[in-house]
Amino acid sequence: MSSTAQTDAPLLLRADAEGIATLTLNRGPARNALSLGLMAALQDALDAIAEDRAVRVVVLRGAGPAFCAGHDLKEMRAHPGREAAAEVFCACSRLMLAITRLPQPVIAQVHGIATAAGCQLVATCDLAVCADDARFATPGVNIGLFCSTPMVALSRAVPRKAAMEMLLLGEPIDAAEALRIGLVNRAVPTADLDATVQAMAMRIAGKSARVVAIGKEAFGRQAELGLEEAYAYAAEVMTRNMMLADADEGIDAFLQKRTPRWPA
């Protein structure tokens, strides 16, 4: 969590290239603390990307020395009361749901620290790559504010006891531990972070966007079902997928040993 003043710079930067939309949290001096303004800017960007067929994958990163230090505590203390607190946490929950429901996969590119709601962002993203000196924490318990909303994403991303240890101790874990428990997919030297994320994003961007969207939605939905219901649902999804021109093209390309040309 952080408590640093706002600047006049744009709160969020977006750059698009080769099917990849890179969103940069741009409150570097504030360790990219999630002010209401930054959350609104990120929400608007995700809503626009959801309707943008040219975007096949999203990279979420932070400017300055950190990925994201959580909610802006100075802003929260400046606006006390139940309604103001509810506005912050409901906006954050909507944002996390938007990432989950976005048709395009989202990759978190993490450097520095990812704490509290920043750690929640990492856990919510579909994939995460971090620098090998990155640190992660859900330290709310240390300041009398248990990380209950970060807990939702964290408990779905890592094993139960690993999540509870982070939540109850409130102590940071390093990149190696984050990799071990599955909070991130890869931990790489800082110098390799950009290239590793871009290579991963390019690999995804080369797939059928329609099929990737089907798979992302199905992954989330089946995880909430019982085993029998999950198989029934997944069988129906695959049946519908098989009827797409993308499946025809992909299978034919495989059998003909050529690169698929995905339908527009």
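So, a few notes on the structure that sits alongside this text. (Residues numbered from 1 in each chain as written. Predicted model: local features only at pLDDT ≥ 70, side-chain atom pairs only at ≥ 80, totals over all residues. Heavy atoms only, no water.)

The secondary structure content of the protein chain amounts to 11 helices and 9 strands. Projecting the C-alpha coordinates of the protein chain onto the three principal axes gives extents of approximately 60 × 40 × 35 Å. A buried classification covers 42% of the 264 residues belonging to the protein chain. Considering only residue pairs separated by 6 or more positions, the protein chain has 70% of its internal contacts joining residues 24 or more positions apart. Of the roughly 13700 Å² of accessible surface on the protein chain, a fraction of 58% belongs to carbon and sulfur atoms. Mean positive and mean negative side-chain charge positions of the protein chain (26 and 29 charges, respectively) differ by 2 Å. (Helix = DSSP H or I, 4+ residues; strand = E, 2+ residues; numbered from the N terminus. Buried < 20%, exposed > 50% of the residue type's maximum accessible area, 1.4 Å probe, protein only. Contact = heavy atoms within 4.5 Å. Areas by Shrake-Rupley, 256 points an atom, 1.4 Å probe, with all protein chains shown as cover. Lys, Arg positive; Asp, Glu negative; His and termini not counted. Charge placed at Lys NZ, Arg CZ, Asp CG, Glu CD.)

Ordered in space as β1-β2-β3-β4-β6-β9, the 6 strands form an open sheet in which the pairing is mixed. A single partner strand is all that each edge strand has here, and the edge strands are β1 (12–17) and β9 (186–188). The average undirected angle you get between the axes of adjacent strands in this sheet is 20°. One ladder, built from 6 bridges, connects β1 with strand β2 (residues 20–25); its direction is antiparallel. Across the sheet, residue Ala15 finds its bridge partner in β2, namely Thr22. (Pairing = 2+ DSSP bridges. Axes fitted to C-alpha atoms, helices over the stretch in contact; angles between N-to-C directions.)

What follows covers a nonpolar patch on the surface. Residues Met242, Met243, Ile251, Phe254 and Leu255 make up a contiguous nonpolar surface patch of roughly 590 Å² in combined accessible area. Counting residues per element, the nonpolar patch draws most heavily on helix α11 (residues 245–255), at 3 residues. With respect to the helices and strands, Leu255 occurs in helix α11. Overall, the relative accessible area of 58% leaves Leu255 in the exposed class. (Patch = residues over 30% accessible without salt bridge, like charges linked within 9 Å, V, L, I, M, F, W, Y side chains within 5 Å. Salt bridge = Lys/Arg side-chain N within 4 Å of Asp/Glu carboxyl O.)

Counting buried positions over the 8 residues of helix α4 (residues 117–124) gives 8, a clear majority of the element. Of all the residues in α4, the buried ones are Ala117, Gly118, Cys119, Gln120, Leu121, Val122, Ala123 and Thr124.

Quick look at the pattern of salt bridges now. Under the definition given, this model contains 8 salt bridges. The salt bridge involving Arg210 is made with Asp246; its shortest N-O contact spans 2.6 Å. Residue Arg210 is located in helix α9 (residues 209–223), and its partner Asp246 is located in helix α11; the two are separated by 36 residues in the primary sequence. By relative accessible area, Arg210 is classed as partly exposed at 31%. Asp246 sits in the buried class, given a relative accessible area of 3%.

Okay, the packing of helix α5 (residues 148–157) against helix α6 (residues 160–169) next. Interaxial distance between α5 and α6 falls to 8 Å at its minimum, and their mutual angle equals 150°. Judged by the angle between their axes, α5 and α6 are roughly antiparallel. Relative to α6, the crossing made by α5 is right-handed. Here Met151, Leu154 and Ser155 of α5 lie close against α6, whose contacting residues are Ala163, Met166 and Leu167. In terms of residue class, the contact of α5 with α6 is built from 5 nonpolar, 1 polar and no charged. (Parallel < 35°, antiparallel > 145°, perpendicular 65-115°, else oblique. Left-handed = near helix turned anticlockwise from the far one by under 90°. Nonpolar A, V, L, I, M, F, W, Y, C, P; charged D, E, K, R; others polar.)

Turning next to the environment of Glu51. Tracing the sequence through the fold places Glu51 in the loop between α1 (36–50) and β3 (57–62). For the pair Glu51 and Pro103, spaced 52 residues apart in sequence, the C-alpha separation works out to 8.9 Å.

A regular strand places its side chains so that they alternate between the two faces of the sheet. When you tally the buried positions in strand β6 (residues 127–131), you get 4 out of 5 residues, the bulk of the element. As paired elements, β6 and β9 share 3 bridges and run parallel to each other. The residue bridging Cys130 from the neighbouring strand is Ala187, located in β9.

Tracing the backbone through its elements, the reader meets Val197 in helix α8 (residues 193–205). Distance from Val197 to His79, taken between C-alpha atoms, is 38 Å for residues 118 residues apart in sequence. Excluding residues within four positions of it along the chain, Val197 makes contact with Val59, Ile107, Gln109 and Val129.

Once that is clear, we can look at the nonpolar core. The biggest cluster of nonpolar side chains holds 54 residues, and the ones touching the most others in it are Phe136 and Leu183. Here this core gets 7 residues from one element, more than from any other, and that element is helix α3 (residues 82–101). Here Leu183 is in contact with Cys119, Val122, Ala123, Ala128, Phe136, Leu154, Val158 and Ala178, once residues within four sequence places are set aside. Core analysis: the second largest hydrophobic core is formed by 13 residues, Val59, Val188, Met200 and Ala201 among them. (Core = buried A, V, L, I, M, F, W, Y, C linked by side-chain atoms within 4.5 Å.)

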